[in-house]
Structure formats: C-alpha cells, structure tokens
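Residue-level structure breakdown
Take a look at the letters that make up each chain.
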Amino acid sequence: MHHPVEHDDLHAELARAAAMLRPADRVAVLTGAGISAESGLATFRGAGGLWEGHRVEDVATPWAFERSPEMVWRFYNARRAGLRAAQPNPGHLALVRLEERLGEGFALVTQNVDGLHRTAGSRHVLEIHGSLARVRCVGCGEVTHRSTEEPLPDLPRCHCGALLRPDVVWFHEPLPADVWAAAERAALACQCFLVVGTSAIVYPAAELIPLARSKGAKVIEVNLTRTPASTYADVSLCGPAGQILPELVSQLDGERGQGPPSPGGAHGCHHP
Ligand code: BJW
Ligand code: ZN
C-alpha cells in the first residue's frame, strides 16, 4: 500500500536528521536488538519475543541459571546456533561507513551480544551486555573466547569442574565497569546521539539517552515504533534500520541516496 504523505514526512525527517548529523564530529550510537532483526535474529520483546514461553526477564537472571542451568543454556545455545546463519545487514554496514567518516570521533555502544557490529567492520564497539562468543566460569571466573561457529555441550563445564555460563549481563548484574565508563564518556562527549532499534526500557543502557541530551547532544531515534526514547529525540525516524540508516548516512556525503525507502518498508510510526 502506498502512503505518499507519510513518505514525504519520512523524507523531510531524514533530511532534518542528516542536517544534525552532518556538522557533528563526535557521534555516539546506541543500538539494540532491532538493528539485528533484519539479519534474522529475534528481538526480546514484542511479537515472537517469548522464548519457550518465558519472558527474557525470567531467563536472563542469575537465579534462573542457579535453578535451571540446562534451561538457560538451551536459550543461549539456540541463539549461538542462530548466529551461524546470520550476516550483518545494511543497517550494520551503514554504521561502518559512519565510523569511516568520523574516525576517532565515533563510538558504538551496543546492548547486543551477537557480535554483528564487529563482523560488519565496526571498530570502536562497546558491548555493554557482553558477548555470546565468550563463556565465564562460575567457579574460577576465567573468561574464554568460544566462537559461535563451534557448538557447546548442553551443559558446558570449565577445566576446574565448575559450570560455565555465557559471558553476558543478566538482570540484577552490574555491567562491565570499564566498558560502561567508556559508554558514558562517549554519551557525554558526543554532539549527536543516534539511538537505533532499542525499546529503551532496560537500564542503565537507556540512561545514556538523557545523559547525552543533558550535555546538548542532538538525539536521533531510528525504530519501527515510538519508545520512551522518543521523548528525548529531536528527530524520530520510523522504519526499519536496514533501510533508514543507509539512507541517512548517504545523505551525509551529499549523495542523493536511493530515494525514499520502498513502500511497505519504512512508513509512519506505529503507536503501541
Ligand atoms: C526495529 C526493527 C527494525 C524491531 N528496525 N527497529 C533503573 C530503573 C529501572 C530499572 C532498573 C534501573 N536500574 C536497573 C534496573 C533493573 C534492570 C532493568 O533495567 N529493568 C527494566 C526491565 C525495568 N536492569 C538491570 O538489572 C541491569 N543491571 C543493573 O542495573 O545492575 C545494578 C547493579 C549494580 C551493582 C551490583 C549489582 C547490580 C542489567 C540489565 C541487563 C540486561 N540484559 C539483557 C540480556 C543480555 C544477554 C542476552 O542477550 O541474552 O540485555 S535483557 C535484554 O534487554 C538484553 C538487551 O540488550 C536488553 C535491551 O533490549 P533491546 O535491545 O532494546 O531489545 P527489545 O526487544 O526490547 O527492543 C527491540 C526494539 O527494536 C523495539 O523497540 C522494536 O520496535 C525495534 N525494532 N525491528 C528498527 N528492523
Ligand atoms: Zn573454572
């Protein structure tokens, strides 16, 4: 279905966003599961957001792992397996181009544990919720790289005999202090803060948005729907990140891009 008015709106909003991004030489980006949706990876919330009938808040906790490490490992082994078929999409690649343009002035803070930003070629990536490609021993604390290409046992164990867990951040756990400190610095220092594909309800990640804004950064949001971050956004670009981000980054270089995203793809914001 064609919605010419909404497309004109999106086109005007894209131009406004590009005008905010173009003069900035320090840009920080916060991404969430939505940027990997077009790579075929499930998001946590919304349609299909349940896993074996559990909410993420019930699986991604230290207590779930104590009670049922088998259940928690089924969840993470399934996601590691899902990654084997997943490729970075044009949204990830557009952020690589943005970093190439900005160099040291670019920081990418991601809540995602899928590693797709690095696979795409992004360099300054801050993985504040950890990585599916690492395990950590609950006994001796050793952290080991375990490629997602390699299947793990149903209940993997450390050489010390204790259980291994995914090296990710569960609810009620602290974020890795050094990575989080760098994320805060990036949010405080940037002139433009781009928020992509996150429901913006998980803290402290969501705190970065008002933090950046409090220092005068322009906030640009890219999402299929409105979120709590929309309140802080100077521009909300409603549509799939894999279409919006390439268009936005192309406009920075003064390219015409490929015209407005195709009908049925990007369109007006849903109000959930
Ligand atoms: C598209 C799209 C397309 C779809 N294009 N868009 C302050 C206030 C209130 C609560 C708290 C607070 N501080 C702490 C809390 C508690 C808690 C919390 O935030 N709870 C909230 C739910 C209320 N936070 C914590 O517990 C944190 N820890 C902590 O604070 O510790 C304190 C402490 C200090 C000292 C000692 C001890 C403790 C930790 C939070 C960890 C979150 N972990 C998870 C799992 C990681 C591992 C894994 O991946 O399994 O992180 S939960 C899950 O949510 C995952 C995600 O990174 C995170 C955010 O989700 P995300 O990425 O936003 O995904 P979705 O699915 O929610 O949204 C997708 C979005 O994309 C949607 O908006 C779509 O519309 C959009 N979209 N397709 C563009 N194509
Ligand atoms: Zn160990």
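Okay, so let's go over this structure. (Residues numbered from 1 in each chain as written. Chains lettered and ligands numbered in written order. Predicted model: local features only at pLDDT ≥ 70, side-chain atom pairs only at ≥ 80, totals over all residues. Heavy atoms only, no water.)

1. Structural notes on helix H6 (residues 90–102)
When the terminal C-alpha atoms of H6 are compared, their 18 Å separation across 13 residues agrees well with the 18 Å that a helix rising 1.5 Å per residue should span. Taken residue by residue, H6 has Gly91, His92, Ala94, Leu95, Val96, Leu98, Glu99 and Leu102 as its buried positions. Structurally, the start of H6 carries an N-cap: the backbone nitrogen of Gly91 is 2.7 Å from a side-chain oxygen of Asn89. Looking one or two residues past H6, Gly103 carries a phi angle of roughly 60°, positive in sign. (Helix = DSSP H or I, 4+ residues; strand = E, 2+ residues; numbered from the N terminus. Expected span 1.5 Å × (residues − 1). Buried < 20%, exposed > 50% of the residue type's maximum accessible area, 1.4 Å probe, protein only. Polar contact = N/O pair within 3.5 Å; in protein donor to acceptor, adjacent residues only side chain to side chain.)

2. Description of the side chain of Glu127
Mapped onto the fold, Glu127 is located in strand S3 (residues 125–127). Those residues in contact with Glu127 that sit more than four places away from it in its chain are Thr110, Gly115, Arg118, Arg134, Pro176 and Val179. (Contact = heavy atoms within 4.5 Å.)

3. Structural notes on the packing of aromatic side chains
Tallied over the full model, the rule gives 3 aromatic pairs. For the ring pair Phe65 and Trp170, a centre distance of 5.5 Å and an interplane angle of 40° mean the geometry is tilted. On the criterion of sequence distance, the pair formed by Phe65 in helix H4 (residues 62–67) and Trp170 in the loop between strand S6 (164–168) and helix H8 (177–189) is long-range, its members being 105 residues apart. Taking the relative accessible area as the measure of exposure, Phe65 reaches 7% and is therefore buried. Ring centres of Phe75 and Tyr76 lie 4.8 Å apart, and the angle between their planes is 75°; on these two criteria the pair is classed as edge-to-face. Of the residues examined, Phe75 reaches a relative accessible area of 7% and is grouped as buried. (Phe/Tyr/Trp six-rings, centres within 6.5 Å; stacked < 30°, edge-to-face > 60°.)

4. So, the sheet that holds strand S9 (residues 235–238)
Across the sheet, 6 strands lie side by side as S3-S2-S1-S7-S8-S9; this open sheet has parallel pairing. Looking at which strands have only one partner, the edges of the open sheet turn out to be S3 and S9. For this sheet the average axis-to-axis angle between neighbouring strands, irrespective of direction, equals 15°. Of the strands in this sheet, strand S1 (27–31), strand S2 (106–110), S3 and strand S7 (192–196) are in contact with H8, which crosses S3 at around 130°. Those strands touched by helix H10 (residues 241–252) are S7, strand S8 (218–223) and S9, and its axis lies near 155° from that of S7. (Pairing = 2+ DSSP bridges. Axes fitted to C-alpha atoms, helices over the stretch in contact; angles between N-to-C directions.)

5. Digging into the coordination of the zinc ion (ligand 2)
The coordination sphere of the zinc ion (ligand 2) contains the protein donors Cys137 (SG), Cys140 (SG), Cys158 (SG) and Cys160 (SG), at a distance range of 2.3 Å. Between the 4 donor atoms coordinating the zinc ion (ligand 2), the angles at the centre fall across 102 to 122°, so the site counts as tetrahedral. Here the donor residues for the zinc ion (ligand 2) map to a single chain with the spacing C-x2-C-x17-C-x1-C. Of this pair, Cys137 sits in strand S4 (residues 130–137) while Cys158 sits in the loop between strand S5 (143–145) and S6, and the two are 21 residues apart along the sequence. Cys158 sits in the buried class, given a relative accessible area of 9%. (Donors = N, O, S within 2.8 Å, 3.2 Å for Na, K, Ca; no water. Tetrahedral: all angles 85-135°; square planar, octahedral: opposite > 155°, others 65-115°.)

That's the geometry; what it means functionally is another story.
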